[in-house]
Amino acid sequence: MLDIRLLREDPESVKTRLASRGPVESFDGILECDRERRALETRLQQLNGDRKRISKEIGQRKSRGEETGALEDEVRSFSDEIAKLDRLTVESGERQRDLLLRLPNLPHASVPAGSDASQNPVIREWGVKPAGGIDHLEIAARLGMLDLDRAAKISGSGFVCFTGAGAALERALINFMLDLHTRTHGYLEISPPFLVRRDAMIGTGQLPKFEEDMYAVEEGALFLAPTAEVPVTNLHREEILSAESLPKKMAAYTPCFRREAGSAGRETRGLIRVHQFDKVELVKITTPETSYDELEKLTADAEQVLRLLGLHYRVIELCAGDLGFGSAKTYDIEVWAPGQNAYLEVSSCSNFEDFQARRMNLRFKDAGKNRFCHTLNGSGTALPRLFVALLETCYKDGALDLPAPLRKYV
RNA sequence: GGUGAGGUGGCUGAGUGGUCGAAAGCAGCGCUUUGCUAAAGCGCCGUACUCCAAAAGGGUACCGAGGGUUCGAAUCCCUCCCUCACCGCCA
(Lines give C-alpha, C1' and ligand atoms only; values in the text may rest on other atoms or scores of the structure.)
Protein backbone atom coordinates (compact mmCIF):
# COMPACT_ATOMS: atom_id res chain seq x y z
CA MET A 1 0.00 0.00 0.00
CA LEU A 2 1.31 3.40 -0.92
CA ASP A 3 1.38 6.31 1.50
CA ILE A 4 -1.61 8.54 0.81
CA ARG A 5 0.54 11.57 1.68
CA LEU A 6 2.87 10.72 -1.17
CA LEU A 7 -0.05 10.68 -3.61
CA ARG A 8 -1.38 13.91 -2.15
CA GLU A 9 1.89 15.77 -2.28
CA ASP A 10 3.37 14.56 -5.54
CA PRO A 11 0.71 12.85 -7.64
CA GLU A 12 2.49 13.41 -10.94
CA SER A 13 5.67 11.60 -9.99
CA VAL A 14 3.68 8.71 -8.51
CA LYS A 15 1.66 8.51 -11.70
CA THR A 16 4.80 8.43 -13.83
CA ARG A 17 6.42 5.73 -11.75
CA LEU A 18 3.29 3.59 -11.79
CA ALA A 19 2.94 4.04 -15.52
CA SER A 20 6.37 2.43 -15.99
CA ARG A 21 4.73 -0.85 -14.92
CA GLY A 22 2.11 -0.56 -17.60
CA PRO A 23 -1.31 0.96 -17.94
CA VAL A 24 -2.68 2.00 -14.56
CA GLU A 25 -6.19 2.91 -13.71
CA SER A 26 -6.25 6.54 -12.74
CA PHE A 27 -5.98 7.25 -9.06
CA ASP A 28 -7.72 10.60 -9.26
CA GLY A 29 -10.61 8.93 -7.46
CA ILE A 30 -8.35 8.30 -4.48
CA LEU A 31 -7.31 11.93 -4.24
CA GLU A 32 -10.89 13.08 -4.52
CA CYS A 33 -11.85 10.62 -1.84
CA ASP A 34 -9.02 11.87 0.34
CA ARG A 35 -10.16 15.48 0.00
CA GLU A 36 -13.73 14.54 0.77
CA ARG A 37 -12.74 12.41 3.73
CA ARG A 38 -10.66 15.14 5.31
CA ALA A 39 -13.37 17.76 4.87
CA LEU A 40 -15.94 15.45 6.48
CA GLU A 41 -13.55 14.60 9.25
CA THR A 42 -12.83 18.21 10.08
CA ARG A 43 -16.51 19.03 10.35
CA LEU A 44 -17.19 15.90 12.39
CA GLN A 45 -14.39 16.72 14.78
CA GLN A 46 -15.77 20.20 15.36
CA LEU A 47 -19.21 18.86 16.22
CA ASN A 48 -17.78 16.13 18.42
CA GLY A 49 -15.80 18.79 20.23
CA ASP A 50 -18.94 20.83 20.80
CA ARG A 51 -20.81 17.84 22.12
CA LYS A 52 -17.98 16.85 24.40
CA ARG A 53 -17.73 20.33 25.85
CA ILE A 54 -21.46 20.70 26.47
CA SER A 55 -21.79 17.22 27.93
CA LYS A 56 -19.02 17.98 30.36
CA GLU A 57 -20.83 21.17 31.32
CA ILE A 58 -24.03 19.17 31.93
CA GLY A 59 -22.15 16.84 34.23
CA GLN A 60 -20.75 19.73 36.23
CA ARG A 61 -24.12 21.45 36.57
CA LYS A 62 -25.85 18.23 37.55
CA SER A 63 -23.35 17.70 40.33
CA ARG A 64 -24.30 21.14 41.63
CA GLY A 65 -27.97 20.25 41.31
CA GLU A 66 -28.64 22.80 38.58
CA GLU A 67 -31.11 22.63 35.69
CA THR A 68 -29.64 21.20 32.44
CA GLY A 69 -32.65 20.71 30.17
CA ALA A 70 -31.71 23.50 27.76
CA LEU A 71 -28.17 22.18 27.28
CA GLU A 72 -29.44 18.66 26.68
CA ASP A 73 -31.80 19.98 24.02
CA GLU A 74 -28.92 21.80 22.38
CA VAL A 75 -26.83 18.64 22.07
CA ARG A 76 -29.81 16.68 20.74
CA SER A 77 -30.26 19.30 18.07
CA PHE A 78 -27.10 18.27 16.26
CA SER A 79 -26.76 14.63 17.26
CA ASP A 80 -28.39 13.53 13.99
CA GLU A 81 -25.82 15.43 12.01
CA ILE A 82 -23.00 13.85 13.98
CA ALA A 83 -24.39 10.40 13.24
CA LYS A 84 -24.68 11.22 9.56
CA LEU A 85 -21.19 12.73 9.29
CA ASP A 86 -19.78 9.80 11.19
CA ARG A 87 -21.27 7.35 8.72
CA LEU A 88 -20.09 9.33 5.72
CA THR A 89 -16.58 9.69 7.11
CA VAL A 90 -16.29 5.96 7.75
CA GLU A 91 -17.59 5.16 4.27
CA SER A 92 -15.21 7.60 2.68
CA GLY A 93 -12.28 6.17 4.63
CA GLU A 94 -13.16 2.62 3.61
CA ARG A 95 -13.49 3.60 -0.01
CA GLN A 96 -10.10 5.27 0.08
CA ARG A 97 -8.44 2.27 1.70
CA ASP A 98 -9.98 -0.11 -0.78
CA LEU A 99 -8.73 1.98 -3.69
CA LEU A 100 -5.27 2.22 -2.15
CA LEU A 101 -5.15 -1.54 -1.58
CA ARG A 102 -5.64 -2.10 -5.31
CA LEU A 103 -2.76 0.14 -6.34
CA PRO A 104 0.52 -1.68 -7.06
CA ASN A 105 3.90 -0.76 -5.59
CA LEU A 106 6.29 1.77 -7.10
CA PRO A 107 9.26 0.18 -8.92
CA HIS A 108 12.68 0.93 -7.43
CA ALA A 109 14.76 3.47 -9.36
CA SER A 110 17.19 0.72 -10.44
CA VAL A 111 14.51 -1.39 -12.14
CA PRO A 112 15.06 -1.59 -15.90
CA ALA A 113 12.39 -0.23 -18.22
CA GLY A 114 10.39 -2.71 -20.26
CA SER A 115 6.86 -3.86 -20.86
CA ASP A 116 7.02 -7.65 -20.58
CA ALA A 117 9.11 -10.70 -19.78
CA SER A 118 10.96 -10.55 -23.09
CA GLN A 119 12.73 -7.43 -21.85
CA ASN A 120 14.06 -8.85 -18.60
CA PRO A 121 17.85 -8.59 -18.60
CA VAL A 122 19.93 -11.63 -17.64
CA ILE A 123 22.07 -10.68 -14.64
CA ARG A 124 24.24 -13.80 -14.43
CA GLU A 125 24.45 -17.44 -15.39
CA TRP A 126 26.00 -20.32 -13.50
CA GLY A 127 27.19 -23.78 -14.45
CA VAL A 128 27.30 -25.63 -17.67
CA LYS A 129 24.21 -26.02 -19.80
CA PRO A 130 23.77 -29.74 -20.52
CA ALA A 131 22.98 -30.56 -24.11
CA GLY A 132 19.77 -32.47 -24.74
CA GLY A 133 17.81 -34.51 -22.26
CA ILE A 134 14.84 -36.72 -21.75
CA ASP A 135 11.49 -35.36 -20.65
CA HIS A 136 10.92 -35.73 -16.92
CA LEU A 137 7.59 -37.49 -17.43
CA GLU A 138 9.34 -40.21 -19.37
CA ILE A 139 12.01 -40.57 -16.70
CA ALA A 140 9.46 -40.52 -13.88
CA ALA A 141 7.46 -43.22 -15.61
CA ARG A 142 10.52 -45.46 -16.02
CA LEU A 143 11.42 -45.04 -12.33
CA GLY A 144 7.88 -45.15 -10.93
CA MET A 145 8.13 -41.71 -9.36
CA LEU A 146 4.82 -40.13 -10.36
CA ASP A 147 1.18 -41.07 -10.81
CA LEU A 148 -0.53 -38.13 -12.46
CA ASP A 149 -3.49 -40.12 -13.77
CA ARG A 150 -4.54 -41.24 -10.33
CA ALA A 151 -3.90 -37.76 -8.91
CA ALA A 152 -6.35 -36.42 -11.50
CA LYS A 153 -8.82 -39.13 -10.58
CA ILE A 154 -9.01 -38.01 -6.98
CA SER A 155 -8.41 -34.26 -7.31
CA GLY A 156 -8.63 -33.26 -10.96
CA SER A 157 -6.03 -32.07 -13.42
CA GLY A 158 -3.22 -29.97 -12.07
CA PHE A 159 -2.61 -32.17 -9.07
CA VAL A 160 0.40 -34.36 -8.52
CA CYS A 161 0.94 -37.64 -6.75
CA PHE A 162 4.53 -38.61 -6.05
CA THR A 163 5.18 -42.32 -5.55
CA GLY A 164 8.06 -44.43 -4.31
CA ALA A 165 11.42 -42.92 -5.20
CA GLY A 166 9.61 -39.78 -6.38
CA ALA A 167 8.00 -39.18 -3.00
CA ALA A 168 11.31 -39.91 -1.29
CA LEU A 169 13.14 -37.47 -3.55
CA GLU A 170 10.56 -34.78 -2.84
CA ARG A 171 11.06 -35.27 0.88
CA ALA A 172 14.84 -35.32 0.49
CA LEU A 173 14.83 -32.03 -1.37
CA ILE A 174 12.73 -30.36 1.32
CA ASN A 175 15.07 -31.51 4.07
CA PHE A 176 18.15 -30.62 2.08
CA MET A 177 16.95 -27.07 1.48
CA LEU A 178 15.68 -26.46 5.00
CA ASP A 179 18.96 -27.66 6.48
CA LEU A 180 20.95 -25.46 4.13
CA HIS A 181 19.00 -22.31 4.97
CA THR A 182 18.69 -22.87 8.70
CA ARG A 183 22.12 -24.35 9.47
CA THR A 184 24.33 -22.64 6.92
CA HIS A 185 22.47 -19.44 6.08
CA GLY A 186 21.11 -18.71 9.55
CA TYR A 187 17.37 -18.57 8.92
CA LEU A 188 14.88 -19.40 11.67
CA GLU A 189 12.82 -22.40 10.68
CA ILE A 190 9.08 -21.78 10.71
CA SER A 191 6.32 -24.30 10.24
CA PRO A 192 3.27 -22.07 9.85
CA PRO A 193 -0.46 -22.64 9.43
CA PHE A 194 -1.44 -23.34 5.83
CA LEU A 195 -4.87 -21.74 6.12
CA VAL A 196 -4.93 -18.02 6.76
CA ARG A 197 -7.42 -15.28 7.43
CA ARG A 198 -8.44 -12.69 4.89
CA ASP A 199 -6.46 -10.00 6.72
CA ALA A 200 -3.25 -11.95 6.26
CA MET A 201 -3.92 -12.24 2.53
CA ILE A 202 -4.50 -8.50 2.36
CA GLY A 203 -1.31 -7.94 4.33
CA THR A 204 0.95 -9.54 1.76
CA GLY A 205 -1.06 -8.24 -1.21
CA GLN A 206 -2.85 -11.30 -2.62
CA LEU A 207 -6.17 -9.66 -1.70
CA PRO A 208 -8.31 -7.81 -2.53
CA LYS A 209 -7.15 -7.87 -6.13
CA PHE A 210 -6.44 -11.52 -6.87
CA GLU A 211 -9.20 -13.36 -5.10
CA GLU A 212 -10.01 -15.54 -8.11
CA ASP A 213 -6.52 -17.08 -7.92
CA MET A 214 -7.00 -18.28 -4.35
CA TYR A 215 -8.65 -21.31 -2.84
CA ALA A 216 -11.12 -20.30 -0.17
CA VAL A 217 -12.67 -22.32 2.61
CA GLU A 218 -16.07 -20.75 3.02
CA GLU A 219 -16.68 -22.07 6.49
CA GLY A 220 -14.52 -19.89 8.70
CA ALA A 221 -13.62 -17.56 5.86
CA LEU A 222 -10.10 -18.90 5.52
CA PHE A 223 -7.87 -19.11 2.47
CA LEU A 224 -5.37 -21.79 1.51
CA ALA A 225 -2.03 -20.02 1.45
CA PRO A 226 -0.67 -19.73 -2.11
CA THR A 227 2.83 -19.39 -0.66
CA ALA A 228 4.44 -19.46 2.79
CA GLU A 229 5.12 -15.78 2.22
CA VAL A 230 1.60 -15.15 3.52
CA PRO A 231 1.70 -16.82 6.95
CA VAL A 232 5.38 -16.12 7.57
CA THR A 233 5.48 -12.44 6.63
CA ASN A 234 2.29 -11.90 8.61
CA LEU A 235 3.74 -13.52 11.73
CA HIS A 236 4.76 -10.12 13.08
CA ARG A 237 1.86 -8.09 11.68
CA GLU A 238 0.59 -5.28 13.90
CA GLU A 239 3.78 -5.45 15.95
CA ILE A 240 6.44 -2.90 16.74
CA LEU A 241 9.76 -4.73 16.60
CA SER A 242 12.94 -3.52 18.21
CA ALA A 243 15.59 -2.29 15.76
CA GLU A 244 18.09 -4.74 17.29
CA SER A 245 15.88 -7.70 16.36
CA LEU A 246 16.24 -6.87 12.65
CA PRO A 247 16.81 -8.30 10.19
CA LYS A 248 14.58 -11.27 10.88
CA LYS A 249 15.37 -14.19 8.58
CA MET A 250 12.85 -17.02 8.37
CA ALA A 251 12.64 -20.17 6.28
CA ALA A 252 9.53 -22.30 5.95
CA TYR A 253 8.49 -25.40 4.09
CA THR A 254 4.81 -25.44 3.13
CA PRO A 255 2.57 -26.77 0.41
CA CYS A 256 1.19 -23.98 -1.78
CA PHE A 257 -2.27 -23.82 -3.29
CA ARG A 258 -3.10 -21.89 -6.43
CA ARG A 259 -6.16 -22.01 -8.62
CA GLU A 260 -4.20 -20.76 -11.61
CA ALA A 261 -7.37 -19.20 -12.94
CA GLY A 262 -6.82 -17.74 -16.37
CA SER A 263 -3.88 -19.97 -17.19
CA ALA A 264 -5.94 -22.84 -18.54
CA GLY A 265 -4.12 -24.54 -21.38
CA ARG A 266 -0.74 -23.15 -20.41
CA GLU A 267 1.83 -25.77 -19.42
CA THR A 268 -0.88 -28.15 -18.30
CA ARG A 269 1.33 -31.19 -18.77
CA GLY A 270 3.42 -32.58 -15.97
CA LEU A 271 4.76 -30.71 -13.01
CA ILE A 272 5.41 -27.29 -14.40
CA ARG A 273 2.16 -25.56 -13.44
CA VAL A 274 0.06 -27.24 -10.78
CA HIS A 275 -2.60 -26.37 -8.22
CA GLN A 276 -0.69 -27.70 -5.25
CA PHE A 277 3.07 -27.80 -4.86
CA ASP A 278 5.73 -27.84 -2.17
CA LYS A 279 8.06 -24.95 -1.60
CA VAL A 280 10.71 -23.79 0.81
CA GLU A 281 10.33 -20.07 1.25
CA LEU A 282 12.72 -17.44 2.59
CA VAL A 283 11.31 -14.32 4.25
CA LYS A 284 13.12 -11.32 5.69
CA ILE A 285 11.95 -8.37 7.74
CA THR A 286 14.52 -5.57 7.65
CA THR A 287 15.06 -1.86 8.17
CA PRO A 288 14.66 0.38 5.10
CA GLU A 289 18.39 1.07 5.13
CA THR A 290 19.43 -2.55 4.63
CA SER A 291 16.67 -4.08 2.52
CA TYR A 292 18.47 -3.92 -0.82
CA ASP A 293 21.64 -5.51 0.58
CA GLU A 294 19.43 -8.17 2.10
CA LEU A 295 17.76 -8.77 -1.26
CA GLU A 296 21.15 -9.56 -2.83
CA LYS A 297 21.97 -11.94 0.02
CA LEU A 298 18.57 -13.62 -0.11
CA THR A 299 18.95 -14.20 -3.84
CA ALA A 300 22.41 -15.67 -3.28
CA ASP A 301 21.01 -17.96 -0.56
CA ALA A 302 18.40 -19.28 -2.99
CA GLU A 303 20.99 -19.70 -5.74
CA GLN A 304 23.12 -21.79 -3.41
CA VAL A 305 20.51 -24.57 -3.61
CA LEU A 306 21.07 -24.89 -7.34
CA ARG A 307 24.83 -24.59 -7.06
CA LEU A 308 25.05 -27.40 -4.54
CA LEU A 309 22.87 -29.53 -6.80
CA GLY A 310 25.07 -28.66 -9.76
CA LEU A 311 22.16 -27.41 -11.85
CA HIS A 312 22.72 -24.82 -14.53
CA TYR A 313 20.69 -21.66 -13.92
CA ARG A 314 20.47 -17.99 -14.68
CA VAL A 315 19.28 -14.97 -12.73
CA ILE A 316 17.19 -12.39 -14.48
CA GLU A 317 15.91 -9.09 -13.26
CA LEU A 318 12.27 -8.27 -13.86
CA CYS A 319 11.70 -5.13 -15.88
CA ALA A 320 9.13 -2.63 -14.65
CA GLY A 321 6.38 -4.07 -16.83
CA ASP A 322 6.86 -7.64 -15.54
CA LEU A 323 7.09 -6.77 -11.86
CA GLY A 324 4.64 -8.42 -9.46
CA PHE A 325 1.91 -6.36 -7.80
CA GLY A 326 3.64 -5.61 -4.51
CA SER A 327 7.27 -5.77 -5.52
CA ALA A 328 9.65 -2.82 -5.88
CA LYS A 329 12.41 -5.01 -7.33
CA THR A 330 12.56 -8.69 -8.24
CA TYR A 331 15.17 -11.20 -9.34
CA ASP A 332 13.92 -14.45 -10.84
CA ILE A 333 16.07 -17.55 -10.68
CA GLU A 334 15.53 -19.92 -13.59
CA VAL A 335 16.90 -23.42 -13.65
CA TRP A 336 17.72 -25.19 -16.90
CA ALA A 337 15.54 -28.18 -17.74
CA PRO A 338 17.28 -30.06 -20.57
CA GLY A 339 14.25 -32.17 -21.45
CA GLN A 340 12.15 -29.04 -21.89
CA ASN A 341 14.96 -27.17 -23.61
CA ALA A 342 13.88 -24.25 -21.43
CA TYR A 343 14.61 -22.31 -18.28
CA LEU A 344 12.05 -22.82 -15.50
CA GLU A 345 11.41 -20.22 -12.83
CA VAL A 346 12.09 -21.76 -9.43
CA SER A 347 12.41 -18.63 -7.34
CA SER A 348 11.28 -15.05 -7.38
CA CYS A 349 13.21 -12.89 -4.93
CA SER A 350 11.55 -9.59 -4.18
CA ASN A 351 11.92 -6.52 -2.03
CA PHE A 352 8.50 -5.11 -1.18
CA GLU A 353 9.98 -2.17 0.72
CA ASP A 354 7.20 -0.94 3.05
CA PHE A 355 4.34 -1.96 0.73
CA GLN A 356 3.35 -5.03 2.73
CA ALA A 357 4.41 -3.55 6.07
CA ARG A 358 1.94 -0.70 5.62
CA ARG A 359 -0.86 -3.13 4.86
CA MET A 360 -0.14 -5.20 7.94
CA ASN A 361 1.01 -2.32 10.15
CA LEU A 362 4.40 -3.91 10.75
CA ARG A 363 6.79 -1.41 12.32
CA PHE A 364 10.01 -1.13 14.26
CA LYS A 365 11.19 1.32 16.89
CA ASP A 366 14.03 3.46 15.57
CA ALA A 367 15.45 5.89 18.15
CA GLY A 368 12.02 6.36 19.68
CA LYS A 369 10.21 6.70 16.36
CA ASN A 370 7.95 4.06 14.85
CA ARG A 371 8.84 3.32 11.23
CA PHE A 372 7.55 0.76 8.77
CA CYS A 373 9.77 -2.25 8.19
CA HIS A 374 10.77 -3.51 4.78
CA THR A 375 9.77 -7.05 3.84
CA LEU A 376 11.37 -9.43 1.36
CA ASN A 377 10.85 -12.95 0.21
CA GLY A 378 12.00 -15.49 -2.29
CA SER A 379 11.65 -19.19 -2.85
CA GLY A 380 14.55 -21.30 -1.87
CA THR A 381 13.21 -22.99 -3.94
CA ALA A 382 9.95 -24.25 -5.44
CA LEU A 383 9.90 -28.03 -5.62
CA PRO A 384 8.17 -29.38 -8.75
CA ARG A 385 10.24 -27.47 -11.26
CA LEU A 386 13.42 -28.23 -9.35
CA PHE A 387 12.33 -31.87 -9.47
CA VAL A 388 11.93 -31.59 -13.26
CA ALA A 389 15.36 -30.02 -13.74
CA LEU A 390 17.00 -32.53 -11.43
CA LEU A 391 15.52 -35.53 -13.21
CA GLU A 392 16.30 -34.23 -16.66
CA THR A 393 19.87 -33.26 -15.68
CA CYS A 394 20.80 -36.30 -13.57
CA TYR A 395 19.25 -39.19 -15.49
CA LYS A 396 21.92 -41.42 -16.95
CA ASP A 397 21.79 -45.00 -18.14
CA GLY A 398 18.41 -45.81 -16.69
CA ALA A 399 19.05 -44.35 -13.25
CA LEU A 400 19.38 -41.05 -11.41
CA ASP A 401 22.91 -39.96 -10.62
CA LEU A 402 22.08 -37.57 -7.78
CA PRO A 403 24.53 -34.85 -6.72
CA ALA A 404 26.62 -35.65 -3.66
CA PRO A 405 25.06 -33.09 -1.24
CA LEU A 406 21.65 -34.71 -1.76
CA ARG A 407 22.70 -38.32 -1.33
CA LYS A 408 22.60 -38.44 2.44
CA TYR A 409 18.97 -37.30 2.28
CA VAL A 410 17.65 -40.12 0.08
C1' G B 1 -18.93 -29.00 21.34
C1' G B 2 -19.99 -27.66 26.93
C1' U B 3 -18.96 -24.72 31.32
C1' G B 4 -16.32 -20.91 33.78
C1' A B 5 -12.85 -16.68 34.02
C1' G B 6 -10.75 -12.92 31.36
C1' G B 7 -9.05 -9.13 27.28
C1' U B 8 -7.13 -1.48 29.96
C1' G B 9 -0.83 2.30 27.68
C1' G B 10 6.19 -1.26 26.52
C1' C B 11 5.00 -4.43 31.09
C1' U B 12 2.29 -5.08 35.96
C1' G B 13 -2.29 -3.26 37.41
C1' A B 14 -6.48 0.38 39.46
C1' G B 15 -10.81 2.18 37.62
C1' U B 16 -18.88 -0.09 37.32
C1' G B 17 -22.16 6.35 33.99
C1' G B 18 -19.72 12.74 34.05
C1' U B 19 -13.87 16.88 35.47
C1' C B 20 -10.73 9.54 32.68
C1' G B 21 -6.38 9.42 27.52
C1' A B 22 -7.16 6.90 31.77
C1' A B 23 -4.36 6.12 39.14
C1' A B 24 -0.08 3.70 40.87
C1' G B 25 4.29 0.84 40.17
C1' C B 26 8.14 -1.02 36.86
C1' A B 27 11.00 -0.16 32.49
C1' G B 28 12.79 4.09 29.32
C1' C B 29 14.53 9.42 28.55
C1' G B 30 16.29 14.22 30.69
C1' C B 31 17.88 17.09 34.87
C1' U B 32 19.54 17.85 40.14
C1' U B 33 22.30 16.25 44.45
C1' U B 34 26.13 13.08 46.83
C1' G B 35 33.84 12.50 44.37
C1' C B 36 32.54 6.88 40.01
C1' U B 37 28.79 2.83 40.57
C1' A B 38 24.50 2.60 43.52
C1' A B 39 20.60 5.46 45.80
C1' A B 40 17.24 9.67 46.22
C1' G B 41 14.41 13.89 44.25
C1' C B 42 12.09 16.47 40.06
C1' G B 43 10.29 16.48 35.07
C1' C B 44 9.13 13.89 30.53
C1' C B 45 7.35 9.39 28.67
C1' G B 46 0.92 5.84 23.82
C1' U B 47 -1.05 5.57 18.76
C1' A B 48 -3.71 7.24 14.56
C1' C B 49 -6.09 10.90 11.99
C1' U B 50 -6.81 15.99 11.36
C1' C B 51 -6.44 21.77 11.53
C1' C B 52 -2.70 25.75 10.51
C1' A B 53 1.76 27.47 4.46
C1' A B 54 5.27 25.20 7.99
C1' A B 55 7.10 25.13 12.99
C1' A B 56 5.02 26.19 17.61
C1' G B 57 0.39 24.90 18.96
C1' G B 58 -4.79 23.18 18.65
C1' G B 59 -8.71 19.41 17.82
C1' U B 60 -10.94 14.46 17.36
C1' A B 61 -10.80 9.31 17.97
C1' C B 62 -8.87 5.00 20.35
C1' C B 63 -9.41 0.94 27.27
C1' G B 64 -10.11 -6.79 22.11
C1' A B 65 -13.75 -5.70 17.44
C1' G B 66 -18.55 -4.08 15.91
C1' G B 67 -23.39 -2.33 17.18
C1' G B 68 -26.95 -0.29 20.94
C1' U B 69 -28.79 2.76 25.31
C1' U B 70 -27.59 7.96 27.02
C1' C B 71 -26.92 14.94 26.79
C1' G B 72 -22.46 11.96 28.16
C1' A B 73 -19.71 4.96 28.01
C1' A B 74 -13.28 1.94 29.76
C1' U B 75 -17.75 1.58 32.95
C1' C B 76 -24.62 -0.56 31.19
C1' C B 77 -26.88 -3.95 27.05
C1' C B 78 -26.27 -7.14 22.44
C1' U B 79 -23.21 -9.77 18.76
C1' C B 80 -18.53 -11.44 17.40
C1' C B 81 -13.14 -12.46 17.94
C1' C B 82 -9.24 -13.98 20.97
C1' U B 83 -6.74 -15.93 25.56
C1' C B 84 -6.74 -19.09 29.87
C1' A B 85 -8.83 -23.25 32.91
C1' C B 86 -11.73 -27.61 33.35
C1' C B 87 -15.05 -31.34 30.89
C1' G B 88 -16.46 -34.14 26.43
C1' C B 89 -14.78 -35.81 21.62
C1' C B 90 -10.71 -36.68 18.43
C1' A B 91 -5.44 -37.30 14.77
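Everything below is about the structure printed above this text.
All of these numbers come straight from a predicted model, not from anything done at the bench. Residue numbers run consecutively from 1 along every chain, following the written order of its sequence. Written order decides the labels, with chains lettered from A and ligands numbered from 1. Only residues with pLDDT of at least 70 get local features here, since the model is predicted, and only at 80 or more are side-chain atom pairs given and counted; chain-wide, interface and lining totals rely on the full set of residues. Hydrogens and water molecules were not included; the side-chain quantities draw on all heavy atoms of the structure.

1. A closer look at the sheet that holds strand E9 (residues 313–317)
In sheet architecture, strand pairing relies on hydrogen bonds along the backbone and comes in two forms, parallel and antiparallel.
Then step 1. Strand order in the open sheet made by the eight strands is E1-E9-E10-E11-E14-E8-E7-E2, with mixed pairing throughout. Both outer strands of the open sheet, strand E1 (122–126) and strand E2 (188–190), are each paired with one neighbouring strand and no more. Sheet twist, expressed as the mean angle between neighbouring strand axes with direction ignored, is 25°.
Then step 2. Contacting E1, strand E8 (276–286), E9, strand E10 (329–337), strand E11 (342–351) and strand E14 (374–382), helix H10 (residues 291–308) runs over the sheet at an angle of about 5° to E14.
Then step 3. Here a residue-residue contact requires only that any non-hydrogen atoms of the pair lie within 4.5 Å. To define axes, lines are fitted to C-alpha atoms, for helices over the stretch in contact only, and angles between the resulting N-to-C directions are given on a 0 to 180 degree scale. Each helix is a run of DSSP H or I of at least 4 residues and each strand a run of E of at least 2, with the numbering of both proceeding from the N terminus. Running over the sheet, helix H12 (residues 383–394) touches E8, E10, E11 and E14 and is turned about 35° from E10. Two strands are counted as paired when DSSP detects at least two bridges linking them.

2. Points about the protein's contact with RNA strand B
Then step 1. The environment of RNA strand B is made up of 22 residues, and the closest members are Arg37, Glu41, Ser55, Val75 and Arg76.
Then step 2. Here a polar contact is recorded for every N or O atom pair within 3.5 Å, except that within protein the pair must consist of a potential hydrogen donor and a potential acceptor, and residues adjacent in sequence are included only if both atoms are side-chain atoms. Between RNA strand B and Arg37 there is a distance of 2.6 Å, counted from a phosphate oxygen to a side-chain nitrogen or oxygen.
Then step 3. Of all the secondary structure elements, the ones that give two or more residues to the surface near RNA strand B are helix H1 (4–9), helix H3 (28–63) and helix H4 (69–101).
Then step 4. In terms of residue class, the surface near RNA strand B is built from two nonpolar, eight polar and twelve charged. Neighbouring residues are identified by heavy atoms, a residue being near a molecule or strand if any of them is within 4 Å of it. Charged means Asp, Glu, Lys or Arg here, nonpolar means Ala, Val, Leu, Ile, Met, Phe, Trp, Tyr, Cys or Pro, and polar covers whatever is left, Gly included.

3. A short note on the pairing of E10
Then step 1. Here E10 lies mainly inside the structure; nine of its nine residues are buried.
Then step 2. Exposure is judged per residue with a 1.4 Å probe applied to protein chains only, and the accessible area is read against the type maximum: over 50% gives exposed, under 20% gives buried, and values in between give partly exposed. Of the two faces of E10, both are covered, the one formed by Lys329, Tyr331, Ile333, Val335 and Ala337 as well as the one formed by Thr330, Asp332, Glu334 and Trp336.
Then step 3. Across nine bridges, the pairing between E10 and E11 is antiparallel. Paired with Asp332 across the two strands is Ser348, which belongs to E11.

4. Remarks on the pattern of salt bridges
Then step 1. The rule for a salt bridge is simple: a side-chain nitrogen of Lys or Arg has to be within 4 Å of a carboxyl oxygen of Asp or Glu. Taken as a whole, this structure holds 33 salt bridges when the rule is applied.
Then step 2. Of the charged contacts, one joins Glu66 and Arg64 as a salt bridge, the two residues approaching to 2.8 Å between their closest N and O atoms.
Then step 3. Given a relative accessible area of 35%, Glu66 falls into the partly exposed group.
Then step 4. The partner of Glu138 in a salt bridge is Arg142, and the shortest N-O contact between them spans 2.9 Å. Note that Glu138 and Arg142 are positioned in helix H5 (residues 136–143) at a spacing of four residues, about one turn of the helix.

5. Description of the side chain of Asp278
Then step 1. Within the fold, Asp278 resides in strand E8.
Then step 2. When charges are counted, Lys and Arg contribute as positive and Asp and Glu as negative, whereas His and the chain ends are disregarded. In this structure Asp278 is buried but unpaired, with Arg171 as the nearest side chain of opposite charge at 10 Å.
Then step 3. Leaving out residues up to four positions away in the same chain, Asp278 has contacts with Glu170, Ile174, Tyr253, Thr254, Pro255, Ala382, Leu383 and Pro384.

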